[in-house]
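# Structural characterization, general
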Amino acid sequence: MPEIETVADVRNTLGEGVIWNPRDQAIYWADSKGKPRIQRCDSKTGKIDEWAMLDLLGSFVFREQGGAVAGLKSGFHFVDLETGAVELIHDPEPDLADNRLNDGKCDRRGRYWCGSLDDGGPGGGSLYRLDPDLTCHKMDSGVTVSNGIAWSPDNKTMFYSDSRGRTCYNFDFDLETGAISNKRVFTSTEGIPGRIDGATVDADGFYWCAHIGDWQIAKYDPAGNIVDTVRLPVKYPTMCSFGGPDLDVLYVTSALQFVQPDEAADQPLAGALLAIHGTGAQGIAEPFFAG
Amino acid sequence: MATDRTTDLDVDIEVVVEAKDILGEGVIWHPKEQAVYWCDNLKSNIQRHDPATGEHRVWDMPEEVGCIVFREQGGICAAMKSGFAYIDDLDAPDIRYIVDPEPGLDGNRLNDGKCDRAGRFWCGSMDAGLAKPTASLYRLDPDGTCSKHDTDIICSNGIAWSPDNKVMYFSDTRSEALYAYDFDFAAGTLSNRRIFVDTTDKPFRIDGATVDSDGFYWCAEVHDWCIGKYAPDSTQVGRIRLPVRQPTMCTFGGKNLDVLYVTSATRFLEPGEAEQQPLAGALFAVRGTGARGIAEPYFRG
């Protein structure tokens, strides 16, 4: 029976981008809105640190050489976690005022994949790949809200969701070249509660995905079948990632911004960072950005 | 859109297996196998349908089976006429009885049951004659101990839990009452029983049921052609009309847990009714409810 721990009752407007850092054994995550910032909770002391961002923050990854790369509304930025300094790398969408960078992760060659979302309407978002040489490539387009980026353990399949389109896709993934092809539907939440939000793949290849709006994390097998669900005390979980010394704790972010007035009393933990213990699964360490 | 009992939900109904069950019950989705299982209580069998292949299996059992749950370690735990039993392999059934909660009550058998989210198997018994309040509600723990949690029941049914584990639902079909209890999840105990739905003046009784991820209670309204959808405040907010008058139990399954599987019965058909309900006893799949279920927990024993 999985047990849910409240790691940090931080009441994030939109918690996202949760990622474990093996170097300092701490869990990091983003509050995308409200006060856009990177947050860090030390797993031993429970101490919370914060790094304020310039504008809306979708996701971030750690750099091999230290610090982080963040996907902000104003583009990809280096973040110096010692000084808090933020430095622009590239803005892939300078002319799209309603867009911002959202969900992102590094593949196992250290390329940062990050998709944008369109707050202005459907279909204006794209998927980008920031390479270690800091060149940026548009890899897909026509999505409304990019989410759920993850890779199968054998690197042959990439997962990518359009959560407003209620669909999670698979691509064939070429690890060597970083190319994607053969886009097809992995699963859809059309007509049923919950949308596909942030996700991760465990060491056995199961896709663990936040069902935002439906109180749960769902565990999908590689064929797209739900094989288990974990009920949460919050209706709007947003992203999950394995962490902890043994990578067997599933950390989950959540959001306040979707909570309706009549729902608030039922979820006092909305916006908290939660941890699920006892799933029986183990994650794969997130790769560092190689640039 | 205003909804009430008379509002029929706009859904698609598929006939999955024309099983002609005398009393189909105990329908449960197996997420690892992506298959649906159910029992015919009176033909004393366990059945399985694989939606990917269309395969339908029937395993005859040596005595009546009320319901089954899946064990975490594999195999099933069955609630049978002679008590709770483990069956590791349905193709080579070696039935290993764990405990008989009612050794002296020959007119009773175990009926509706499910696991709570701590992996305890709750199952109620029934008077096979549907008349005497000789039945009880039991909890089988993972260590094999069995405890009694309510008594003076005629026919146990409708076991399900609210998504937050604070409420347990339990129907005594023949007493015309669907009850709600306060559920102490940590202790596995019940208190504060109250009537959630009273069917005394209704054309149906509450049979098998499930709770969706938003907390709505979906139950078979046996004798009146419908699956009812009830809000957590007990208001009926809709119904699904079926081509059979005796739906008996429902559960969510399918790859997205959004297909409502429904069992039914030929048992209660009046003379002449059988011709008008050729699908009586079939297993149905209802799509388009707009709801999603919660994966059924495994028995941890």
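Residues numbered from 1 in each chain as written. Chains lettered and ligands numbered in written order. Predicted model: local features only at pLDDT ≥ 70, side-chain atom pairs only at ≥ 80, totals over all residues.

### Comments concerning the overall build of chain A
When helices and strands are tallied, chain A shows zero helices and 24 strands. Nonlocal contacts in chain A, meaning residues at least 24 apart in sequence, comprise 48% of its contacts between residues at least 6 apart. (Helix = DSSP H or I, 4+ residues; strand = E, 2+ residues; numbered from the N terminus. Contact = placed C-beta atoms within 7 Å.)

### A word on the overall build of chain B
Scanning chain B from N- to C-terminus turns up one helix and 24 strands. Compactness check: chain B gives a C-alpha radius of gyration of 17 Å against a globular reference of 19 Å for 301 residues, within 12% of the reference. Counting only C-alpha atoms, chain B reaches 50 × 45 × 40 Å along its principal axes. Each of the 301 residues in chain B was classed as buried or not, and the buried ones make up 51%. Restricting to contacts in chain B with at least 6 residues of sequence separation, those with at least 24 account for 48%. (Rg over C-alpha atoms; globule rule 2.2 N^0.38 Å. Buried ≥ 20, exposed ≤ 12 C-beta atoms within 10 Å, placed from the backbone.)

### A closer look at the nonpolar core
Of all hydrophobic cores here, the largest spans 167 residues; its most connected members are Ile 217 of chain A together with Ile 68 of chain B. Considering each element in turn, this core owes the most residues, six residues, to strand S16 (residues 177-184) of chain B. (Core = buried A, V, L, I, M, F, W, Y, C linked by C-beta atoms within 7 Å.)

### Considerations on the confidence of the model for chain B
When pLDDT is averaged along chain B, the result is 95; 98% of the residues meet or exceed 70. Model confidence for the complex is summarised by a pTM of 0.85, with the ipTM given as 0.72. (pLDDT = per-residue confidence, 0-100.)

### Brief notes about the sheet that holds strand S9 (residues 95-99) of chain B
All names here are of chain B. Read across the sheet, four strands follow the order S6-S7-S8-S9 without closing on themselves; strand pairing throughout is antiparallel. Only two strands of the sheet have a single partner each, and these edge strands are strand S6 (65-70) and S9. Across the sheet, the axes of successive neighbouring strands diverge by a mean angle of 30°, strand direction being ignored. (Pairing = 2+ DSSP bridges. Axes fitted to C-alpha atoms, helices over the stretch in contact; angles between N-to-C directions.)

### Let's talk about the sheet that holds strand S8 (residues 75-79) of chain A
Residue and element names in this part refer to chain A. Ordered in space as S6-S7-S8-S9, the four strands form an open sheet in which the pairing is antiparallel. Two strands lie at the open edges of the sheet, namely strand S6 (57-62) and strand S9 (86-90), each paired on one side alone. The sheet shows a mean angle of 30° between the axes of neighbouring strands, taken without regard to direction. Here S6 pairs with strand S7 (residues 68-72) via five bridges, running antiparallel. For Phe 62, the partnering residue across the bridge sits in S7 and is Ala 68.

### As for the interface of chain A and chain B
Counting from both sides, the interface comprises 17 residues of chain A and, opposite them, 19 residues of chain B. For the side of chain A that touches chain B, the element with the highest residue contribution is strand S21 (residues 226-231) of chain A, accounting for five residues. In terms of residue class, the side of chain A that touches chain B is built from six nonpolar, eight polar and three charged. (Nonpolar A, V, L, I, M, F, W, Y, C, P; charged D, E, K, R; others polar.)

### So, the environment of Thr 253 of chain A
Here Thr 253 of chain A shows up in strand S23 (residues 249-254). Excluding anything up to four places from it in sequence, Thr 253 of chain A contacts Asn 12, Gly 15, Glu 16, Val 18, Trp 29, Thr 238, Met 239 and Leu 273 of chain A.

### Focus on the environment of Gly 198 of chain A
With respect to the helices and strands, Gly 198 of chain A occurs in strand S18 (residues 195-201). In contact with Gly 198 of chain A, other than residues within four places in its own chain, are Glu 16, Asp 103, Asn 147, Gly 148, Ala 210, Thr 238, Met 239 and Cys 240 of chain A.

### Some remarks on unusual backbone geometry
Residue and element names in this part refer to chain B. Despite not being glycine, Lys 20 shows a phi value in the positive range, around 50°. If you trace the backbone, Lys 20 turns up in the loop between strand S1 (12-17) and strand S2 (24-30). One non-glycine residue with positive phi stands out, namely Asp 152, at about 60°. When you line up the elements, Asp 152 lands in strand S13 (residues 146-153). Using a count of 11 C-beta atoms within 10 Å as the deciding quantity, one classes Asp 152 as exposed.

### Remarks on the pairing of S21 of chain A
All names here are of chain A. As paired strands, strand S20 (residues 216-220) and S21 are joined by five bridges and run antiparallel to one another. By the bridge assignment, Lys 219 is partnered in S21 with Asp 228. The hairpin turn running from S20 into S21, its antiparallel successor, is five residues long, and Gly 224 in that turn takes a positive phi close to 95°.

### So, the environment of Ala 79 of chain B
Residues and elements named next belong to chain B. By secondary structure assignment, the location of Ala 79 is in strand S7 (residues 76-80). Under the C-beta neighbour-count criterion, Ala 79 is labelled buried, with 29 such atoms within 10 Å. Taking C-alpha positions, Ala 79 is 5.5 Å from Gly 66, a pair spaced 13 residues apart along the chain. Ignoring sequence-local partners within four residues, the contact set of Ala 79 consists of Gly 66, Cys 67, Phe 84, Leu 110, Gly 113 and Cys 123.

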